Amino acid sequence: MARKQIVAVVGRPNVGKSTLFNALAGKRISIVEDTPGVTRDRIYQDVEWLGRVFTLIDTGGIEPDSKDVILAQMRQQAEIAIETADVIIFLCDLKQGVTDADAQVADMLRRSGKPVVLTVNKVDSYKRDSLDVYEFYNLGIGDPVPISAANQQGIGDMLEEVVKHFPQEKETSEEEDDDNIKVAIIGKPNVGKSSIINKLIGENRLIVSDVAGTTRDAIDTEITHNGQKYTFIDTAGIRRHNKIKEHLEQYMLVRTVSAVERADVCVVVINADEGVTEQDAKIAGIAHDNGKAVIIAVNKWDLIEKDNHSVNDFTKKVRQTLSFMPYAEILFISAQTGQRLIKLYDMIDAVYQNHSMRVATGVLNEILMQALVMQQPPSDKGRVLKVFYMTQVAVKPPTFVIFVNEKKLMHFSYTRYIENQVRAAFGFAGTPLKFIIRERK
Ligand code: GDP
Ligand code: GDP
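Residues numbered from 1 in each chain as written. Chains lettered and ligands numbered in written order. Predicted model: local features only at pLDDT ≥ 70, side-chain atom pairs only at ≥ 80, totals over all residues. Heavy atoms only, no water.

1. Things to note about the side chain of D93
Then step 1. Looking at the element boundaries, D93 is found in strand 4 (residues 87–93).
Then step 2. Since its relative accessible area comes to 1%, D93 is described here as buried.
Then step 3. A polar contact is formed between the side chain of D93 and the side chain of Q96, at a distance of 3.1 Å.
Then step 4. For D93, the side chain forms a polar contact with the side chain of K122, separated by 2.9 Å.
Then step 5. In this structure, D93 is in contact with R12, N14, V15, V120, N121, K122 and F136, ignoring residues within four places of it in sequence. (Helix = DSSP H or I, 4+ residues; strand = E, 2+ residues; numbered from the N terminus. Buried < 20%, exposed > 50% of the residue type's maximum accessible area, 1.4 Å probe, protein only. Polar contact = N/O pair within 3.5 Å; in protein donor to acceptor, adjacent residues only side chain to side chain. Contact = heavy atoms within 4.5 Å.)

Structure representation (structure tokens):
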């Protein structure tokens, strides 16, 4: 599957960016959900058009930090868009015409070589306004697409232009895809993501492939180890422009989301030297929300002065900060010295297998019946929960349906208890499990 494309909207204040966003908002899908500590910023949303889903990011919410406010603001937006997006919608305003700031930003965008869809908003009546639209040809970034965001006109034509710049869906056979374990290496900047991949490459025969639809800074690396093929998805690359680094952090999360969506296994890299932080929790939360297998790789372990407690102490902190994913495996590594890096493969294999594991219904229900005997189901006002039956309905992640007499009697803590029994019986290390409660009369 090709990476989900990222589209950014750039434009002066008041050109109608928010209006455009809202016009597309019917298709809004929330990406981050119930994970504590995960950002609720809605700077991006998923949009579906002509059967293709892409992520739209709003670069408009940035506080300017210079006197020439509007131009400075637009420059920052443009830089973020150039860094993070695959296609840029440059939104102008028919009523204000072509301004100096527009011309300068158009220059920046043209030099970046990124595909740009020049869009002129507030063309409420094409009959009346069409002559004025011609003025925008002067920006030298292509044919202007007239829209009225407020009246929801022309938006389809604009999206069609955007989608034209997406890579063709490659016709890869499912089978070919299937024997590759897809691994996303995610984490804050500078935790060592690229170093890990480089070290793995150094020790293996490799094919570096430019997968269709990836930009220069998101290259997939294919590695064969012990006969197993792995595709490592690297989210590194956004760390050159220090002056806008702070702003970029939240946009980087968008990149992380699109890498995670393509992966089976996520390796969340943490810098041992810095300790585990809230930003780490946000990134790990993306893997959790997407139901992926997770390994927490505590990197730069060579920098730590160690004693008998170091591993335990660090593990405790990780478990505390990432308390929403107690199932995650933890590995202490050093990309620099190569320490334990080879173990990463075994761990990836193991969590991948657990993520795809199917348990036969018979065995599952034996465990369930034992669990019911060991700890009585809860009751409420004389009504007792009856748990009839359980079956696994999906893998990646393993998903179970539990049939009960009354859903509202199934307390969260009892589901958790059953989960723990299932884990104790079958392992499932490194993978989240999903439980769906259904009523059966
Ligand atoms: P932003 O600052 O770029 O996010 O711009 P807004 O979406 O807040 O819009 C600025 C103003 O332009 C608001 O008063 C909108 O109602 C108005 N506006 C947005 N789209 C259109 C349009 O298609 N036609 C007209 N006439 N006004 C619009
Ligand atoms: P990325 O931004 O997450 O891809 O991080 P990089 O791979 O670029 O690494 C950031 C910095 O940390 C570089 O200077 C690396 O040399 C250094 N680094 C990476 N892994 C290790 C490690 O295991 N130990 C030490 N001491 N330094 C490391």
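2. Comments concerning the sheet that holds strand 17 (residues 399–404)
Then step 1. Read across the open sheet, the three strands follow the order 16-17-18; overall the sheet is mixed. Among the strands making up the open sheet, the edge pair consists of strand 16 (387–394) and strand 18 (434–439). On average, adjacent strands in this sheet sit at an angle of 25 degrees to one another, irrespective of strand direction.
Then step 2. With six bridges joining them, strand 17 and strand 18 adopt parallel strand pairing. When the bridges of strand 18 are listed, I402 appears paired with I437.
Then step 3. Each of strand 16 and strand 17 touches helix 12 (residues 361–374); the most contacted strand, strand 16, lies at about 140 degrees to it. (Pairing = 2+ DSSP bridges. Axes fitted to C-alpha atoms, helices over the stretch in contact; angles between N-to-C directions.)

3. Overview of the site of ligand 1
Then step 1. If you check the shell around ligand 1, you find 14 residues, and the closest are N14, K17, S18, T19 and D124.
Then step 2. Taking T19, its side chain carries an N or O atom lying 2.6 Å from an oxygen atom of ligand 1.
Then step 3. Take S148: an N or O atom from its side chain is 3.0 Å from an oxygen atom of ligand 1.
Then step 4. Relative to its unbound accessible area of 580 Å², ligand 1 is 67% covered by the protein chains.
Then step 5. Here the element with the most residues in the shell around ligand 1 is helix 1 (residues 17–23); it accounts for three residues.
Then step 6. The residue makeup of the shell around ligand 1, split by class, is four nonpolar, six polar and four charged. (Near = heavy atom within 4 Å. Areas by Shrake-Rupley, 256 points an atom, 1.4 Å probe, with all protein chains shown as cover. Nonpolar A, V, L, I, M, F, W, Y, C, P; charged D, E, K, R; others polar.)

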